[in-house]
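# Structural description and commentary
Chain by chain, the residues:
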Amino acid sequence: MVASILQVESRFNGRDTHQYDWVFFNNEEFTLEFQAAITKATKSRCFFERIPKAHWSTPLWVDETRFDVGRQFMGGIGVGKAWLQSYHHMCRWNAGFFALEERLADYDWYWRVEPAVKFHCDINYDVFRFMEENNMTYGFNMAILDDARSFPSLWEQTKAFIEQNSELVDNDADFNWLLYTANDEDDVIRPHTGTAKGSSDGEYNNCQFYSNFEIGSLDFFRSKAHMAYFNHLDQAGGFYYERLGDAPVHTLSVSLFLPKSKVWYFRDIGYSHGSCEQCPPHEDELEEVIDSHPNGPLPRDTKEAEVKAHGTQSVVVGPFETLGFQHRRWKTIAQDVERQKGIPGLSCGCTVSAIDNNNARLVPYESKQRKPSDTCIRKFLGGKWLARKDMVSDINSVAGIAAGSAGMEYVLDGRNMVSFQ
Ligand SMILES: Nc1nc2c(ncn2[C@@H]2O[C@H](COP(=O)(O)OP(=O)(O)O)[C@@H](O)[C@H]2O)c(=O)[nH]1
Ligand SMILES: [Mg+2]
């Protein structure tokens, strides 16, 4: 945990303008040793909280024997960490209860920080202010596939909830990126429904915001809509009989109860957790693009326009379409960086990765789920991000899964600054 904190402090929070509080939660008392080590790692206030028993124990309506048998079964077939009792409590707590903890009552925003994660790049603006000023509610930085065997009834339960509570669904909710299309062919678990090419058969495609990084509005997760949805899933016992992760629950909730325009992709935050990593385009590469411009290095003040123009030529797709209305907000970030007299490029300690690098990393090969033919992040972004060069190998092949996105060649891979247009 100390390693994670030191990075957040040096990349972001240590600045005089920030120094946001840290709040730690545990189902047991934190040791004095832990508290001392943490307190030394930051100048900010630290709070060490014990999670109430009711938020970290099997509820009365859950049959313990069925829970045990389910854990053994899921453990046996290789569903990640499903055999661990504590993991189920953890997922349930992160899916719903966290936002209700008393210590968080006075806060509007949270940023979830896990032990042993890495933050590769300086973050030269205030992410919380950014969320607020742009009327955002939820921020993520990787969208990837989950192992569908961990939540066999999640989608059925979600559909039942929507049916009973349709008034809670946001009028501008955009669910399309989370649904299978008829182009997603390797359907092993469910029979193909025979829908027309390009249309959806209304089934969940298992894409999720990878929630161990998230910056979100606590009010949203305390809202009537999210709480009702969480309680609905909880009553059905899915956190125990299955292994519902907090990630798909947050993903479906955010996508149901918010317009997509309130969800922000923090591509500029270099992050890794376990085998999943995202490294954004940064200064070195920007300089490289500028230096390799046919007319020689560009004067600093024309950088932006020229880099974009260069991007247009290099991707050979004709006039460069913008990523979408959301990503125009990159401009706001850039201005903020300027205001804080930071450098516009990111200072990163990682090698730039394609945006869909991590897509299938959490899905073991033995999980025979149908996989969307485009990666989750591209489905979220839409537009030009879905344009492909050639299909080199199938995403569902052994090689495709091992390579993440490498089996597919898209026109854009997000490795240069044009990703922020
Ligand atoms: N307090 C507490 N935290 C836990 C427990 N199990 C996991 N966590 C925390 O929950 C988060 C996610 O757990 P982790 O094992 O990294 O899950 P994964 O990343 O989904 O494989 C981490 O912050 C863990 O420290 C537990 O039994 N008690
Ligand atoms: Mg982890």
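Residues numbered from 1 in each chain as written. Chains lettered and ligands numbered in written order. Predicted model: local features only at pLDDT ≥ 70, side-chain atom pairs only at ≥ 80, totals over all residues. Heavy atoms only, no water.

Looking at an unreviewed UniProt entry, one finds the protein chain named Glycosyltransferase family 15 protein, with Hypoxylon rubiginosum as its source organism.

## Quick word on the environment of Phe 151
Among the structural elements, Phe 151 can be located in the loop between β6 (143-145) and α6 (154-164). Classification of Phe 151 by relative accessible area gives buried; the value is 4%. Discounting chain neighbours no more than four positions away, the residues touching Phe 151 are Asp 146, Tyr 204, Asn 206, Glu 242, Leu 244 and Pro 248. (Helix = DSSP H or I, 4+ residues; strand = E, 2+ residues; numbered from the N terminus. Buried < 20%, exposed > 50% of the residue type's maximum accessible area, 1.4 Å probe, protein only. Contact = heavy atoms within 4.5 Å.)

## Focus on the pattern of salt bridges
A complete count under the given rule lists 16 salt bridges for this structure. Between Arg 71 and Asp 68 there is a salt bridge whose closest N-O contact spans 2.9 Å. Of the two residues, Arg 71 and Asp 68 are both situated in helix α3 (residues 64-77); the distance of three residues between them amounts to about one turn of the helix. Taking the shortest distance from any N to any O, the salt bridge between Arg 112 and Asp 246 comes out at 2.9 Å. With Arg 112 in strand β3 (residues 109-112) and Asp 246 in helix α9 (residues 246-257), the pair connects residues that are 134 residues apart, well separated along the chain. Residue Arg 112 is classed as buried on the basis of its relative accessible area, which comes to 11%. Accessibility expressed as a relative area gives 5% for Asp 246, which makes it buried. Connected via shared salt-bridge partners are Arg 112, Glu 114 and Asp 246. (Salt bridge = Lys/Arg side-chain N within 4 Å of Asp/Glu carboxyl O.)

## Focus: α6
For α6, the set of buried residues is Leu 154, Trp 155, Thr 158 and Phe 161. End-on, the buried residues of α6 take up no more than an arc of 120°, which puts them together on one face. Structural note: α6 exposes Glu 163 and Gln 164 on the side pointing more than 90 degrees away from its buried face. (Arc of directions from axis to C-beta.)

## Digging into unusual backbone geometry
One non-glycine residue, Gln 19, adopts positive backbone phi at about 45°. Positioned with a positive phi, Asn 206 is a non-glycine residue whose angle comes to about 70°. In this fold, Asn 206 is placed in the loop between β8 (200-204) and β9 (207-209). The class for Asn 206 is buried, based on a relative accessible area of 4%.

## A few points about the site of ligand 1
In the region of ligand 1, the neighbouring residues are Asn 26, Asn 27, Trp 56, Lys 81, Ser 86, Tyr 87, Met 90, Glu 114, Pro 115 and His 273. Out of a free accessible area of 560 Å², ligand 1 has 64% covered by protein chains. Considering each element in turn, the shell around ligand 1 owes the most residues, three residues, to helix α4 (residues 85-95). (Near = heavy atom within 4 Å. Areas by Shrake-Rupley, 256 points an atom, 1.4 Å probe, with all protein chains shown as cover.)

## Some thoughts on the state of the cysteines
By the definition in use, this model includes three disulfides. Across a sulfur-sulfur distance of 2.0 Å, Cys 121 and Cys 348 are joined as a disulfide pair. Handedness here is read from the sign of the S-S torsion; for Cys 121 and Cys 348, about 110°, the answer is right-handed. Of this pair, Cys 121 sits in the loop between β4 (118-119) and α5 (127-133) while Cys 348 sits in the loop between α12 (330-339) and α13 (376-381), placing them 227 residues apart in sequence. There is a disulfide in this structure between Cys 279 and Cys 350, and the S-S distance comes to 2.0 Å. Between Cys 279 and Cys 350, the S-S torsion sits near 80°, and that sign places the bridge as right-handed. Of this pair, Cys 279 sits in the loop between β13 (276-278) and α10 (283-291) while Cys 350 is found in the loop between α12 and α13, placing the two residues 71 residues apart along the sequence. What makes Cys 350 buried here is its relative accessible area of 14%. Here the disulfide map of the protein chain reads 1-4, 2-6, 3-5, the bonded cysteines being numbered as they appear in the sequence. (Disulfide = S-S within 2.5 Å.)

## Considering the packing of aromatic side chains
Under the counting rule described, the total for this entry stands at 44 aromatic pairs. Their ring planes at 75° and their centres at 4.8 Å tell us that Tyr 20 and Phe 128 sit as a pair that is edge-to-face. Of this pair, Tyr 20 sits in the loop between α1 (2-13) and β1 (22-26) while Phe 128 is found in helix α5, placing the two residues 108 residues apart along the sequence. Residues Tyr 229 and Phe 257 carry aromatic rings whose centres are separated by 5.9 Å and whose planes lie at 70° to one another, so their mutual orientation is edge-to-face. On the criterion of sequence distance, the pair formed by Tyr 229 in helix α8 (residues 224-235) and Phe 257 in helix α9 is long-range, its members being 28 residues apart. Taking the relative accessible area as the measure of exposure, Phe 257 reaches 7% and is therefore buried. Taken together, the ring pairs connect Phe 25, Trp 93, Phe 98, Tyr 110, Tyr 138, Phe 140, Trp 177, Phe 209, Phe 220, Phe 221, Tyr 265 and Phe 380 into an aromatic cluster. Lying over the aromatic face of Tyr 241, Arg 66 brings its terminal NZ or CZ to 3.6 Å of the ring centre. (Phe/Tyr/Trp six-rings, centres within 6.5 Å; stacked < 30°, edge-to-face > 60°. Lys NZ or Arg CZ within 6 Å of the ring centre and 35° of its normal.)

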